[in-house]
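Take a look at the letters that make up each chain.
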Amino acid sequence: MIRTRDAGTLRAADAGFAVTLAGWVARRRDHGGVTFLDLRDASGVAQVVLRDPEAGRALRAEFCVLVHGTVAIRPAGNANPDLPTGNVEVVATDLEVLSTSAELPFPIEGSLYGPGSVEETTRWRHRYLDLRRAWPATALRTRARMTSIIRRVMEANDFLDVETPYLTRSTPEGARDFLVPVRLQPGHWYALPQSPQLFKQLLMVAGLERYYQIARCFRDEDFRADRTPEFTQLDIELSFLDEEDVYALTESLLTTLWRDLLDVDLPVPFARMTYADAMRRFGSDRPDLRFGLELTDLSGHFAGTRFRVFAEQPYVGAVVLPGGGSLTRKELDSWQDWARGRGARGLAYVLIGEDGAVRESGPVAKHLSAEELVGLPAAAGAGAGDAVFFAAGTERPAQELLGALRLAIGRDRGLIEESAWRFLWVTHFPMFEPTDGGGWTAVHHPFTAPTPEWADRFAEEPGAGLARAYDVVVNGIELGGGSIRIHRAGMQQQVFDVIGLTREEAESKFGFLLEAFRYGPPPHGGIAFGLDRMAAVLAGTDAIREVMAFPKAASGGDPLTGAPTPITPEQRREAGIDVAP
RNA sequence: GGUCCCGUAGUGCAGUCUGGAGUGCACGCCGCCCUGUCAAGGCGGAGGUCGCGGGUUCAAAUCCCGUCGGGACCGCCA
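### Focus on the overall build of chain A
Counting its secondary structure elements, chain A contains 14 helices and 21 strands. Based on the C-alpha atoms only, the size of chain A along its principal axes is roughly 90 × 70 × 50 Å. Contacts in chain A between residues far apart in sequence, at least 24 positions, make up 66% of those at least 6 positions apart. Taken together, the 62 basic and 79 acidic charged side chains of chain A have centroids lying 4 Å from each other.

Written as structure tokens, this is what we have:
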């Protein structure tokens, strides 16, 4: 190495020693006769004292420099308690500029810190400069520590790291595929994997028993703050297991991560809740348990109501807005707008007076009978001065609306215990959900096993059948999900029948898997975690782009390299894109 | 595919509702001064296709239409 010490490690005990540092000029304080440099390398920052006015004047921000000097205790009164290296400084005997820097597109050091201080596109465009900044670099370091711990835990549990192909065929995840043309077979295309799902099941047939992989996955869908077309999963599969094995492994992994990275001791086992309960109580399959405000089911209360909006609806539910009884008309209207923004017609509501009774003047209350009004606050769990919002209609969409409303209220009223970590298993997901075309589709994927109670009759009631599928959720964020798989051919065929997949289609799509399953497949199952999301949670940010080294913009483009680009006619011809199938 | 927000100096913003000279702030940049600062300080200076195109108007950063880019959300997507 061309340096002898890392700048951030210098301490008072080093005083008197000659050192050579290498790094970047983070700041320069030129006093004419003496110049102070904050020299930054990956380890931190140390102050360099330069008594050569000419050399000091020539330096600029982000010049890459090599400094020879002697560590000295700073003069009395000049220590900087805010820096780990603040008691010492390096008195330079020689300074060499290794490379100069052009004027910067945004400040590396400056009064503006943090991820929001520069527009994202500018940051990604010059990500190599963005990552010189403390916060962005810390996010990547957190991610690296996370994956390191993951590998340690997985290896300690005898899991085998196996890579699977990226150039492959469509996997049954339901999203759009990214496609890659194949020069050697014009008109034929690879799909990039949406997950290693099929391969990991094959590895179970292969007898590996315990597999894991940190795998890149590709899904050609629209963006969100927590979604990007190219992302990373921790993919796990094991044989001869049941749900408890997955839960125990996951809890071991997550408690280790939270302990080592955040110094937080998570209580185990994690809470468990069925999907049905999660929807009923929280209107979400990933409930945020950091606050209460559970939904109430008022279907019984309003059975036989003459109020047109609630009458004849399969479900009427409510959520309380604490203190909402004193909202202005304008504030109530803005909640209406919020609901309409989510595709609802509006939000029926009543206000509770200070006497604890429903104020009868409201637009909904005046349509309700005296009996309905009397019991309503208690039935909805509302107290004096609250507001009650209703959703009526088909159960699941109405619950989802109330669930989203519950979250919005929780945020709006500051009800969320921000420092808490509320982990939760959501279990017993439905096997199928209706498609627009009147058929059924697998909620998880078509290899998910039914629960024992439904094993023999899920095909008779596809809408009611429950799956051995599970998600692990923290604070309303889904960290991972998985299932116990089907390992018997007959049951697998029944699932294909329900989702309307013919034998021919099944054969052409997953024939290789079904073929493999003819040779004594073991009972198996697994789980996959969204590592970008997990890293973001551990790093304390909502945006997964912050924990990706070179993130893409919302249109799928890479602001740094300019990808994707048009191709030349030559490339087009060679790739065989235009060959008719 | 839909809704909303943003686009003004290198960076972050104000100005837009209510049209009147590229009007302004902070940081950065350039020059000079300065031997104990650490967001150093002082003095001076440069820097603008107000995203782009069209329209209305005597006059457009400002109003209208379109478009491009970015972001958030819905749809979609484990």
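### A word on the protein's contact with RNA strand B
Taken together, 51 residues surround RNA strand B, and among them R51, N78, E89, E173 and A554 come closest. Considering the 4 Å shell around the protein, atoms of RNA strand B inside it are sugar or phosphate in 55% of instances. In this structure, N78 approaches RNA strand B through a main-chain N or O atom, which is 2.3 Å from a base nitrogen. The contact in question runs from a base oxygen of RNA strand B to an N or O atom on the side chain of R227, over 2.7 Å. Among the elements of the structure, β1 (18-30), β2 (35-41) and α2 (120-125) are those that each provide at least two residues to the surface near RNA strand B. Among the elements that line the surface near RNA strand B, the one with the most residues is β1, at three residues. For the surface near RNA strand B, the per-class residue count stands at 15 nonpolar, 14 polar and 22 charged.

### Remarks on the environment of W135
Here W135 lies in helix α4 (residues 134-156). Owing to a relative accessible area of 27%, W135 belongs among the partly exposed residues under this scheme. The spacing of W135 and E546 is 411 residues in sequence and 9.4 Å in space, taken between C-alpha atoms.

### Regarding the sheet that holds strand β12 (residues 296-297)
One open sheet accounts for four strands, arranged β12-β13-β15-β14; its pairing is antiparallel. Since the sheet does not close on itself, it has two edges, and those belong to β12 and β14 (348-351), each with one partner. Pairing of β14 with strand β15 (residues 387-393), which is carried by four bridges, proceeds in the antiparallel orientation. Residue pairing for β15: Y349 is matched across the bridge by F389. Across the face of the sheet, helix α10 (residues 395-412) comes into contact with β13 (315-321) and β15 while running at roughly 0° to β13.

Conventions adopted
Residues numbered from 1 in each chain as written. Chains lettered and ligands numbered in written order. Predicted model: local features only at pLDDT ≥ 70, side-chain atom pairs only at ≥ 80, totals over all residues. Heavy atoms only, no water. Helix = DSSP H or I, 4+ residues; strand = E, 2+ residues; numbered from the N terminus. Contact = heavy atoms within 4.5 Å. Lys, Arg positive; Asp, Glu negative; His and termini not counted. Charge placed at Lys NZ, Arg CZ, Asp CG, Glu CD. Near = heavy atom within 4 Å. Polar contact = N/O pair within 3.5 Å; in protein donor to acceptor, adjacent residues only side chain to side chain. Nonpolar A, V, L, I, M, F, W, Y, C, P; charged D, E, K, R; others polar. Buried < 20%, exposed > 50% of the residue type's maximum accessible area, 1.4 Å probe, protein only. Pairing = 2+ DSSP bridges. Axes fitted to C-alpha atoms, helices over the stretch in contact; angles between N-to-C directions.

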